[in-house]
Amino acid sequence: MGGVEDDEPASKRMKLSSVELRGFSNGSAFTEPIAGSSRDLNLMARPLPSEGDEEVIGSKGVIKRVEFVRIIAKALYSLGYKKSGAYLEEESGIPLQSSVVNLFMQQILDGNWGESVATLSNIGLLDESVIKSASFLIMEQKFFELLDGEKVMDALTTLRTEIAPLCINNNRVHELSCCLVSPSRCGFVGSPRRDIVKAKSRSKLLEELQKLLPPTIMIPERRLEHLVEQALILQREGCMFHNSSDKDMSLYTDHQCGRNQIPSRTLQSEQLLYDLCGVMVLALKILQAHTDEVWFLKFSHNGKYLASSSNDRSTIIWEVDANGVTLKHKLSGHQKPVSCVSWSSDDHQLLTCGVEEAVRRWDVSSGDCLHVYEKAGLGLVSCSWHPNGKWIFSGVNDKSICMWELDGKELECWKGQRTLKISDLEVTSDGKLIISMCRESAILLLDREERVERFIEEDQTITSFSLSRDNRFLLVNLLNQEIHLWNIEGDLKLVAKYQGHKRTRFVIRSCFGGLEQAFIASGSEDSQVYLWHRGSCELIEALPGHSGAVNCVTWNPTNPHMLASGSDDRTIRIWGLKDLNVKRKDGQSNGIHYCNGGT
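The model shown is predicted, which means the values in this text are computed figures rather than measured ones. (Residues numbered from 1 in each chain as written. Predicted model: local features only at pLDDT ≥ 70, side-chain atom pairs only at ≥ 80, totals over all residues. Heavy atoms only, no water.)

Draft legend 1. Spotlight on the packing of helix α3 (residues 65–78) against helix α4 (residues 82–92). Contact geometry for α3 and α4: axes closest at 7 Å, N-to-C directions at 160°. When the axis of α3 is compared with that of α4, the two are roughly antiparallel. Of the two possible hands of crossing, α3 and α4 adopt the one that is left-handed. Where α3 abuts α4, its residues Arg65, Val69, Ile72, Ala73, Leu76 and Tyr77 lie against Lys82, Ser84, Gly85, Ala86, Leu88, Glu89 and Ser92. Among the residues forming the contact of α3 with α4, the class breakdown is seven nonpolar, three polar and three charged. (Axes fitted to C-alpha atoms, helices over the stretch in contact; angles between N-to-C directions. Helix = DSSP H or I, 4+ residues; strand = E, 2+ residues; numbered from the N terminus. Parallel < 35°, antiparallel > 145°, perpendicular 65-115°, else oblique. Left-handed = near helix turned anticlockwise from the far one by under 90°. Contact = heavy atoms within 4.5 Å. Nonpolar A, V, L, I, M, F, W, Y, C, P; charged D, E, K, R; others polar.)

Draft legend 2. View of the sheet that holds strand β29 (residues 529–533). Within the open sheet, the four strands sit side by side as β27-β28-β29-β30. Their pairing is antiparallel. Both outer strands of the open sheet, β27 (510–513) and β30 (539–543), are each paired with one neighbouring strand and no more. Neighbour to neighbour, the strand axes of the sheet diverge by 20° on average, direction disregarded. Relative to β29, strand β28 (residues 519–522) is paired through four bridges, and the arrangement is antiparallel. Looking at β29, one finds that Ala521 is bridged to Leu531. (Pairing = 2+ DSSP bridges.)

Draft legend 3. Fine view of helix α7 (residues 128–148). The end-to-end C-alpha separation of α7 is 30 Å, in line with the 30 Å expected for 21 residues at 1.5 Å each. The element α7 is largely enclosed, with a buried count of 16 among its 21 residues. Downstream of α7 by a residue or two, Glu150 has a phi angle that is positive, lying close to 60°. (Expected span 1.5 Å × (residues − 1). Buried < 20%, exposed > 50% of the residue type's maximum accessible area, 1.4 Å probe, protein only.)

Draft legend 4. Here's a closer look at the nonpolar core. Counting 34 residues, the largest nonpolar core has Phe104, Ile108, Leu120, Phe143, Ile163, Leu209 and Leu213 as its most contacted members. Of all the secondary-structure elements, those providing two or more residues to this core are α5 (99–110), α6 (113–120), α7, α8 (152–163), α9 (170–181) and α10 (198–212). Every residue in contact with Ile163, bar those within four places of it in the chain, is listed here: Phe136, Met139, Glu140, Phe143, Thr158, Val173 and Leu176. Phe296, Val341, Trp362 and Val396 belong to the second-largest nonpolar core, a separate cluster that totals 22 residues. (Core = buried A, V, L, I, M, F, W, Y, C linked by side-chain atoms within 4.5 Å.)

Draft legend 5. Looking closely at the pairing of strand β16 (residues 391–396). Burial of β16 is extensive: five of the six residues sit out of reach of the surface. Where strand β15 (residues 380–385) meets β16, five bridges bridge the pair, whose relative direction is antiparallel. Its bridge partner being in β16, Trp385 is matched across the sheet by Ile392. Pairing geometry for β16 and strand β17 (residues 401–405), over five bridges, is antiparallel. Looking at the pairing, Trp391 lines up with Glu405 of β17. Here β16 folds back onto β17, and the loop between the two strands holds four residues, one of which, Lys399, carries a positive phi near 80°.

Draft legend 6. Examining the sheet that holds strand β20 (residues 433–439) more closely. Pairing in this open sheet of four strands is antiparallel, and the strands run β19-β20-β21-β22 from one edge to the other. Of all the strands in the sheet, just β19 (425–427) and β22 (452–457) have a single pairing partner and so form its edges. Each strand of the sheet is rotated relative to its neighbour by a mean of 25°, with strand direction disregarded. Pairing geometry for β19 and β20, over three bridges, is antiparallel. From the neighbouring strand, Leu425 faces β20, where its bridge partner is Ser436.

Draft legend 7. Highlighting the packing of aromatic side chains. Applying the stated criterion across every chain, the model contains seven aromatic pairs. Relative to Trp343, the ring of Tyr305 lies with its centre 6.0 Å away and its plane at 25°, an arrangement referred to as stacked. Residue Tyr305 is found in strand β8 (residues 305–310), and its partner Trp343 is found in strand β11 (residues 338–343); the two are separated by 38 residues along the sequence. Here Tyr305 matches Trp343 in class, with each residue buried. Between Tyr373 and Trp404, the aromatic rings sit 5.9 Å apart at their centres with planes inclined by 65°, giving edge-to-face as the arrangement. Pair noted here: Tyr373 is in strand β14 (residues 369–373) and Trp404 is in strand β17, with a separation of 31 residues, a long-range link. For the pair Tyr373 and Trp404, one class covers both residues: buried. Site record: aromatic cluster; members linked through ring pairs are Tyr498, Tyr530 and Trp532. Above the plane of the ring of Phe455 lies Arg439, whose end atom (NZ or CZ) is 5.7 Å from the centre. Note that Arg534 overlies the ring of Phe473, its terminal NZ or CZ placed 4.6 Å from the centroid. (Phe/Tyr/Trp six-rings, centres within 6.5 Å; stacked < 30°, edge-to-face > 60°. Lys NZ or Arg CZ within 6 Å of the ring centre and 35° of its normal.)

Draft legend 8. Representation of the confidence of the model for the chain in the model. Here the chain averages 82 in pLDDT, while 79% of its residues score no lower than 70. In the model, residues 25–47 has pLDDT below 50 throughout and makes 52 contacts with residues more than four positions away in sequence or in other chains. (pLDDT = per-residue confidence, 0-100.)

Printed below as a string of C-alpha cells:
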C-alpha cells in the first residue's frame, strides 16, 4: 500500500536509520533517507525499560532517570546533534523510542498506511478514541496523496472504506468528500492542502501524530526547552522586584532581582550621564513649570513625551530624550482647569479637556491648537481617541458620550446614564469598547459594534480607573482607599486588591507599569507614591519626596525604570533607579541608566 509513485521502484527505497527518525524537530523536514547502521538496528530492537524502573536522580528524588535521559536525547536530536543523541542512547542503554514506535514512524515515512494503522494498535495505546483519531490522520494523508496523484477513485475508496467507518469527525469527512467533487476546494479544508513534496508532508504528519499520542510513547517536541522555560518563568514570577529584560536571566544561577530595579530616586537638579561613546541618556529631575496643582499625567505611547495638566488651566508637553526631560510646549487656551489628556495612537496629536468646558486638539510638533470641540449649553468632562486617529470621544455633563470626527462633526451620541461629571474615559486599542464611569459605583463597558453593555459593580464610590495596555484589565480606585484589579476579558472578574495608600478628599489616580506591567503605582494624599507587585498584591515601596498630595502617576511604557508623579505641590517628579549601575544589553556594566529602549 502507498501513496504517489516514486521515480525508483519500491524495492530500491532505503530505510531511515533510527537517528534520522528522530531528526524531525524545530520545524525541520527530512530530505533524503539514508541506510541504517548495525548500531541503529540494535537501538531499534532494544525495548524501553519497564515502567517499574523507578530509579531517580537529583537531590529531591523526583526526577526519574529514564525520563531524564530520554528527554535529553530528544533535545540533542532537536538541536541537530544526531550522533550525540545516538551515543547517549547506546551508552545509557535507554532508547528514545521503542522498536515498535520506530517501526511505526518508518511506515509513515514510507507511506505504508495500512501497516502503520496496524502497528498503531500494538504501540500500547489504551484509549480507543486516540487510536481512531490517529488512524483518521493517517488515512487522511493517504487520501490527499492519492488525490495529488490524480487517483480519484482510489481516494474515494479510501474515504468510503477506511475513513468514514471510523465514525469520527463527520464534518471533516464531508469536507474531504467535497474535495472529490471539486478538487479546487481543497484549499479551504481545515488544514492546508497537502500538495507539497511527499517527504515533507509525511514528516509534518508525524509531528501531528506526536501531539496526539501520549508523551510516554512519543516525547513532545522541544520538551526540555519547555521545562527550562517553565523554571525560568516561575523564578521570574516569584521575583518581587523583577523589572529588567528577560535577556538578563541566566541558566547558570537562580534569578533574583533586588529593589534597585524599582524606580525610587529623583534628583533636585538635572544630572547628565554618558555612556562609553559619549551619548547622553536620561537625566532625573523635578519639573516645576506649573503654577498650580498637577492633576493629570500621561506618557505618550512611544515614551518620548510626557503630558501634564494642571489646575493652572494649562497643559505642558515635555520631551523625554537623550538630553533629559525638557519643556517642549506649554498649551494655553482652556478657561477652566484641565482635568485630563489623551494621546493619539501615533503620538502626533494630543487631546485636552477642561473641567465641564471644551476638548481641544493639539499638534504635538508645533504646539498649535487644531480644533476645539464644544456642545452648546453643555460642558465636556473627558476625552479619548479612537485608535484609527480619525475619531475622538468625549463625556458630556448631561451624562452622555459623544463621538466626533476630527473636523467637529458629531457622528454618534450615546444618551442616558453613560458617564458622570467626574469620570475617566477609555477606548480599547481595537476601538470596540468604550469604558466610562456611569454611576458612582459602576463602570460601563459599552461594545460599540455589538451594542452590548456590561457593568463593573462596586460597593464603594469609584474615583478613577486605568486600562491595561493589553486591554484585559481595569484598575479601579475606590473611595475606601482600595484599588481593585478587574479582568474585563470575557466574564468580569475581580482578581486583586491593593491597599496602603491614603485617600480621603481628592481624586487619586493609579496606573500599571514596569516590565510587562508587572507593577501597580498610585498617588496618595500623604505625599507619597505607592508601588505594589501586581501578582502578589504586596506593597513594595512608598516613595517620599513630594510636599503635597500626589494626584496622579504614569509609568513610561517603553522604559520600565521611569515613573512620573504629579502633586498638589505643583511639581512633577521623574523617578529612576537608585542604583544607576544598570547592566547594558551586552551584559556589561558601565554605570549608565538606559531609557526608552535606547543603548
